[in-house]
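Commentary on secondary and tertiary structure
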Amino acid sequence: MRQLSADVVVIGGGTTGVGVVRDVAMRGYKAILLDRADLAQGTSGRFHGLLHSGGRYVVTDPLSGTECAEENAILGHIQAGAIERTGGLFFTLPGDPDPDWGDKFLAGAATAKVPVEEIEPSRALKLEPRMNPTAERVFRVEDGSVDGWQLAWSAAASAKQYGAQILTYTKATEITTAGGRVTGVRATDAKTGEDVTIDCGFVLNCAGPWAGGVAAMAGCEPVAVVPGRGIMIAADRFTNVVLNLCVKPADGDIIVPCHGVSIIGTTDVKADDPDHLPIPADEVQKMLDAGEKLAPGFRQQRLLHVWTGARPLIKDDRVAASDTRHMSRGMAVVDHSTRDGLKGLLTIGGGKLTTYRLMAEHIVDAMEDQTGDHHPCRTAEEPCPGHEPGRYFALNHRLKEREADRLSDQIICECELMSRTMFTDLLKEQPNATLDDLRRQLRLGMGPCQGGFCSSRAAGLAFEEGAIDIERATGLLRLFLTNRWYGLWPVLNGQQVAQAALDDWILQGLLDIGHLPAQTKEVI
Amino acid sequence: MFEPTSHEANLLARASVDQCVKCTICETQCPVMAVTPLFAGPKFVGPQAERFRHGESVDHTLDYCSSCGTCTLVCPQGVKIAELNSVARAAMKRDHMPPRDRLISRTTLMGQAMRPIAPLANAALRAAPVRVLAEKIAGIHRDAAMPVSSGQPFHAWWAKHQPAPTAGPAGTVIFFHGCAGDYFEVATSIQAVEVLERLGFNVLVPKQGCCGMALQSNGLYDTARAWVRRLVADLEKAPQDLVIVSTAGSCQGMLKHEAREIMGVEDESLQAIGTRTRDICEFLLEKIEAGQLNFGVKRLDVTVTYHAPCQLKGQGMGQPAVELLRLIPGVTVVESGATCCGIAGTYGFKKEKYEIAKAVGQPLFDKVKEVNPKLALCDTETCRWQIRQHTGAQVEHPIYLLHKALGLS
Ligand SMILES: Cc1cc2nc3c(=O)[nH]c(=O)nc-3n(C[C@H](O)[C@H](O)[C@H](O)COP(=O)(O)OP(=O)(O)OC[C@H]3O[C@@H](n4cnc5c(N)ncnc54)[C@H](O)[C@@H]3O)c2cc1C
Ligand code: SF4
Ligand code: SF4
């Protein structure tokens, strides 16, 4: 039993929660963040990778558009290293449902103050040769791509510098109250089973699609969070500019180039349980068709992975619960003191990853409205550790690093150019991590071979470093491969089949991983 | 960076990169990787690094690739590894090309410049102080095999040449000697004409410039494209229904596939010329096997190493020279079994690569010394220079033995 205390406990370590704990800590509060698993492995690790310019919302939700444009610029200042400045294109096609959408788009952008420039389709094709060549009107915007994991980890590092504690693999189980006030949080360490109690005066519920359940832990009337499930498919990177259909926001209308992949997405279907999100075959086909429309030939690209996430949309009574797309993307802060008569608890939902910092600012402002203390929010001014304003991520960074150190360091993950030292350094910091945890920060196994070569190397290396015993090595390897496979098989076709066959020969034929001793307990 | 719509960008973006399954077969065969840790090898430099080459060129050691093409040949997935490397190199060098690479890429220029004072030029090229200077200023290794310029170029010999009485009954062919065959390897060109005439062919030799191979392998694509187009125009001036017979083992590869596959020259004339171009050994072997030639050869008791150059292997026609020479009674041809001699065009001339090129060729040099230290055979010019340099043997085009067996020398 561990006993801790803090001014504020933040539940949920997605980008929202991490942004919140940073803001709270920077305002001088003693803060603790809890996530039941690793940082940004929920929605914030299962999204599309788009750093919105705001273009997508200029017609349907101009306020969101303005916020995106502003936050886009701010993130370029505070977390440039997590962002690739790819630029984006919106284009109309012959036979689009609304022939006037282009004009509405331009007008909306002007109102929302989202920078847009109309360019000749021929010029657009030079910027991105894989754009559908039949495009009629093309608008250039400031879209980029963003790495949710780097965003979350660097915001967490900033929070730690301000004294915050980040407890991963610690699941909140109860929010204790007394006399209409929050008094603390009970939690369980998922790795050790140890109970953790934290005395605190305030809880900020940032549990994303799980926020309804977390609010209920305080005995509140259930907050209806409608998880809006979407799938995304990554092809080996073949585009370098974000491609958007210039239509009313719909399914499968964007391809985002992010790290070594180009990602098509997404869908939006009401889900019942954010822990069990299916990847239906018909949605996969729908995405592939959509890919053909954006970048003809998409189906011939090498498809590497598919995943699914759930938007944490707070139920809005004005629209039907089954139609989540047309809910306002605007964030919603639920104040449980007015709603349930419970002081010291706020729940946040909605929003976008692009606007995570602004969401945090809003909920912390709301907290201070309740407490009566007021401190200025400084999260927009100060760059996070390891980031310099304007020093953006570029695809060739790792190639440059390996060019410098490849004679003195081994390469463990060849597809993602991850070196041995990168792996062992992070393992030292997080000796209890799973291979997937390390993957999210290092991109281990995320390239074309999908772990076929690097996974066994990584497991062996972790064992060799003395970080894990043999049973855990086996367990981690199996878990990692199972997770890779889960995202691979629904899109397995074409060139990737040869890879899967080779991987299978290596992992089953040569290493006989299937017959390693069975696990005695679950690997976490 | 290339224009996004250019052939180079297209080649790089092409599905070829995506075919790689990381099997590592290419790494087991790359001759450069086998001898130096400085080169990261075909899998890394090819399909892997290419996935990360967006923006400015950052992996300058890709230049250690010798462009021998072995990796492309062995890749079971059809990844055009060597071609990817060539294009990536061209991208890298676009802005900062060492002047040395420009100089040694211009085979004709070098040949022409050296010719009028050939003995002097040759002596100068071999003289130590000059070579030290060349190394310092131009980055050409002081010990690198340098071509020996002949006093009289082939075209001067040809201008005075009278067809042999045997020429004619087998038909007419066009002879393609390449620019090294004009200025440096003149004897080979003469032998080829005499062999063809003895076997009954009427030989035409249209004026012909350089194919641009060395420019291409040094990444100077724009000029190389212009040169290969000009060569095609030269060759087109001769009657267009005739076979073009070649002793220029690597230049013929440029015409057959490299100009299109590496530099994207999509040109009907080039394609027609490429289709008509035949390696001299392949051409003769086919005719002899079809019983169309009067093949009267005398016995030659000789055992000799034959090395098939990388560039010839890439043309996908097997090793016709071996089969052709084995038709000569008494001749024992020992295949070198070596991947590469190391020179790879102009690679081994460069000071930072000289030792690597030597190490790459070492198994071959050992073989030559073991089998017959006096004579070895190889179809391409620069490879012959390299083998000569490191073994001291006389190294000739395979046609040399046939010339002897036919009693012409
Ligand atoms: C398909 C899809 C595509 C998207 N694409 C984009 C895009 O391209 N650009 C963009 O800007 N936005 C995008 N979004 C939106 C964006 O991803 C989300 O708005 C954002 O990631 C939400 O972050 P979050 O922190 O609120 O939720 P999450 O990331 O889900 O975090 C919630 C966290 O709470 C933790 N948790 C749950 N229960 C407990 C508990 N009991 N105790 C402790 N911790 C708990 C979970 O483990 C999880 O880590 C997309 C969303 C979806 C679904
Ligand atoms: S041989 Fe081909 S498939 Fe195998 S690693 Fe090399 S490039 Fe990839
Ligand atoms: S072309 Fe030759 S040297 Fe270059 S990577 Fe391929 S095998 Fe190696």
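Here the structure is a predicted model, which means the values were calculated and not measured. (Residues numbered from 1 in each chain as written. Chains lettered and ligands numbered in written order. Predicted model: local features only at pLDDT ≥ 70, side-chain atom pairs only at ≥ 80, totals over all residues. Heavy atoms only, no water.)

The subject of this paragraph is helix α13 (residues 186-198) of chain B. All names here are of chain B. Helix length check: α13, at 13 residues, gives a terminal C-alpha distance of 18 Å against a target of 18 Å (1.5 Å per residue), a fit within 8%. Of all 13 residues in α13, 10 are buried, a share of seventy percent or more. All of the buried residues in α13 are Val186, Thr188, Ser189, Ile190, Gln191, Ala192, Val193, Val195, Leu196 and Glu197. Count one or two residues on from α13 and you reach Gly200, which has phi positive near 105 degrees. (Helix = DSSP H or I, 4+ residues; strand = E, 2+ residues; numbered from the N terminus. Expected span 1.5 Å × (residues − 1). Buried < 20%, exposed > 50% of the residue type's maximum accessible area, 1.4 Å probe, protein only.)

Now for the domain arrangement of chain B. Residue and element names in this part refer to chain B. Under the domain assignment, chain B is made up of domain 1 (11-93) and domain 2 (296-405). Of note, the centres of domain 1 and domain 2, computed from C-alpha atoms alone, are 26 Å apart. Counting from both sides, the interface comprises 13 residues of domain 1 and, opposite them, 13 residues of domain 2. Each partner contributes to the roughly 1,000 Å² buried at the junction of domain 1 and domain 2, and carbon and sulfur atoms together form 69% of this total. (Domains from an automatic or database assignment. Contact = heavy atoms within 4.5 Å. Buried area = accessible area lost by both parts, 1.4 Å probe.)

With that settled, the discussion passes to the interface of chain A and chain B. Chain A puts 31 residues into the contact, and the matching count from chain B is 29 residues. Between chain A and chain B, the buried area comes to about 2,700 Å², and carbon and sulfur atoms account for 55% of it. Its largest share of buried area at the contact with chain B, chain A owes to Leu399, Glu403 and Arg406 of chain A, together 22% of the area lost on that side. Our count for the contact surface shared by chain A and chain B stands at two salt bridges. (Salt bridge = Lys/Arg side-chain N within 4 Å of Asp/Glu carboxyl O.)

In this section: the packing of helix α21 (residues 354-371) of chain B against helix α22 (residues 381-391) of chain B. Residue and element names in this part refer to chain B. Running from N to C, α21 and α22 point in directions that differ by 75 degrees, and their axes come no closer than 9 Å. As the angle between them shows, α21 and α22 are arranged roughly perpendicular. Mapping the contact onto sequence places Tyr354, Ala357, Lys358, Leu364, Phe365, Val368 and Lys369 in α21 and Gln386, Ile387, Gln389, His390 and Thr391 in α22. The residue inventory of the contact of α21 with α22, partitioned by class, reads six nonpolar, four polar and two charged. (Axes fitted to C-alpha atoms, helices over the stretch in contact; angles between N-to-C directions. Parallel < 35°, antiparallel > 145°, perpendicular 65-115°, else oblique. Nonpolar A, V, L, I, M, F, W, Y, C, P; charged D, E, K, R; others polar.)

Attention shifts here to unusual backbone geometry. All names here are of chain A. The omega torsion across Gly265 and Thr266 is -5 degrees, close enough to zero to call that bond cis. Backbone geometry places Lys113, a non-glycine residue, at a positive phi of 60 degrees. Even without being glycine, Leu417 reaches a positive phi, approximately 55 degrees. Summarising the element assignment, Leu417 is placed in the loop between β23 (411-413) and β24 (418-419).

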